[in-house]
Amino acid sequence: MFSAEPTQDLKTLDFDVEEALNPTEAEGTFRDSRECAALLLLAGALLLSPPTPRPKKS
Amino acid sequence: MKQLSGAVHDLASELVSALRGGDHSVAGTTGSLGGDEALTVAAARTLGADVLLPSTLLRRPAPEPDVAVCRAAVHAYPPGPQSSPTVAWSHWAMERALAHVTAVPQHTPSAAGPLGGAATDGPDTPHPAGNGGPDVTALREATWQAFTHQLSVLAALAVPGADSAVAAEAARRPVDVSRGFVRAVRRRDWLQAAGAGRWLAVIDGVPPTLGLDAGLRFVLRMGGADARVALHVHAALLMRADTPYPAAPGRGSGT
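This structure is a prediction, so every number in the text was calculated from the model and none was measured.

(A) Just the overall build of chain A, in detail. Across its full length, chain A carries three helices and zero strands. In chain A, the succession of helices and strands from N to C terminus is α-α-α. Burial statistics for chain A: of 58 residues in total, 12% are counted as buried.

Written out as structure tokens, the structure reads:
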């Protein structure tokens, strides 16, 4: 059923197979929950803070 | 590459189905790929010895199309002089798996372990690639992060009773693999986590605080949509459920 002889089709897949068999590690980033919570609190505090006083038009 | 990824996914899905007690056929994968045999062979080479995993773990005869496609893949994609150790090891493992399924009488029950790989891996089994295998120096000297990454790429070698140098290295560093497993989960690198988890299923000395079973189920839930992840996790769960089995090198000497 499957030919053991390398065909042109197989040759063209060589690179893909080599790449699939030797992958580099995927990029990953850690998200520190405490840092995320601190940033969220800061953003919330900025949103809820009263507007800065502006000079009255006279 | 995208075409190959799809073919690998299809073939891995077939294997997962087989591990879960369903039907499986490489011919089915070829059919789903529009009869593209070259692509099926490339997908088989990418999955490596796992193409024969159902027959290895479930102790049932390997379907002839599986053996044929495995043989074709070994022949079509030999490692070159510039190939990386993972390519060489993957090829070596395929040759070993082929030797197993062709050397052992398919319908003769064995008195050895319940999982087939170990039972067929006796001293009389001919190994065309020899027992040494490719060089393992780079793996031995790798940091625990790189070590886990390389092991996960070579997860097809994680079978019961594996006697490769890669398995010996894994057995020597169970804590490093455990750390790598946790790191992979935290990075949400499910494929690496599944591969590392599969290695942890066949080595001793895994810290009980790791919670490997729960970890494997978590990885399956989060990354199981990727058939390769599902394949590794199902293999690991199957091997953990079916212990004890004959010792792998270093098994029992976990540090």
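(B) Local environment of the overall build of chain B. Within chain B one finds 14 helices and zero strands. Along its sequence from the N terminus, chain B presents helices and strands in the succession α-α-α-α-α-α-α-α-α-α-α-α-α-α. Within chain B, the fraction of its 255 residues that count as buried is 51%. For chain B, the share of sequence-separated contacts (at least 6 apart) that also reach a separation of at least 24 residues comes to 75%.

(C) Structural detail: unusual backbone geometry. Residues and elements named next belong to chain B. The phi torsion at Arg59 lies on the positive side, around 50°, for a residue other than glycine. One can find Arg59 in the loop between helix 4 (53-58) and helix 5 (64-76). The partly exposed category is assigned to Arg59, around which 19 C-beta atoms lie within 10 Å.

(D) Local environment of helix 10 (residues 165-172) of chain B. All names here are of chain B. Among the eight residues that make up helix 10, six are buried, leaving the element largely enclosed by the rest of the structure. Where helix 10 is concerned, the buried positions are Ala165, Val166, Ala167, Glu169, Ala170 and Ala171. Buried positions along helix 10 lie against helix 6 (85-103), helix 8 (137-140), helix 9 (144-153), helix 11 (174-186) and helix 12 (190-202).

(E) Local environment of the packing of helix 5 of chain B against helix 6 of chain B. All names here are of chain B. Contact geometry of helix 5 with helix 6 gives a least axis separation of 10 Å together with a crossing angle of 145°. Where helix 5 crosses over helix 6, the two elements pack in a sense that is left-handed. On the side of helix 5, the interface is formed by Val67, Cys70, Arg71, Ala73 and Val74, while helix 6 contributes His91, Met94, Glu95, Ala97, Leu98, Val101 and Thr102.

(F) Region of interest: the packing of helix 12 of chain B against helix 13 (residues 212-223) of chain B. Residue and element names in this part refer to chain B. Orientation of helix 12 relative to helix 13, taken along the N-to-C sense of each, is 150°, at an axis distance of 10 Å. In terms of their interaxial angle, helix 12 and helix 13 are classed as roughly antiparallel. Here the hand of the crossing between helix 12 and helix 13 comes out left-handed. Where helix 12 abuts helix 13, its residues Trp190, Leu191, Ala193, Ala194, Gly197 and Leu200 lie against Leu212, Gly215, Leu216, Val219, Met222 and Gly223. Of the residues belonging to the contact of helix 12 with helix 13, the class tally is nine nonpolar, three polar and no charged.

Reading the values: the criteria
- Residues numbered from 1 in each chain as written.
- Chains lettered and ligands numbered in written order.
- Predicted model: local features only at pLDDT ≥ 70, side-chain atom pairs only at ≥ 80, totals over all residues.
- Helix = DSSP H or I, 4+ residues; strand = E, 2+ residues; numbered from the N terminus.
- Buried ≥ 20, exposed ≤ 12 C-beta atoms within 10 Å, placed from the backbone.
- Contact = placed C-beta atoms within 7 Å.
- Axes fitted to C-alpha atoms, helices over the stretch in contact; angles between N-to-C directions.
- Left-handed = near helix turned anticlockwise from the far one by under 90°.
- Parallel < 35°, antiparallel > 145°, perpendicular 65-115°, else oblique.
- Nonpolar A, V, L, I, M, F, W, Y, C, P; charged D, E, K, R; others polar.

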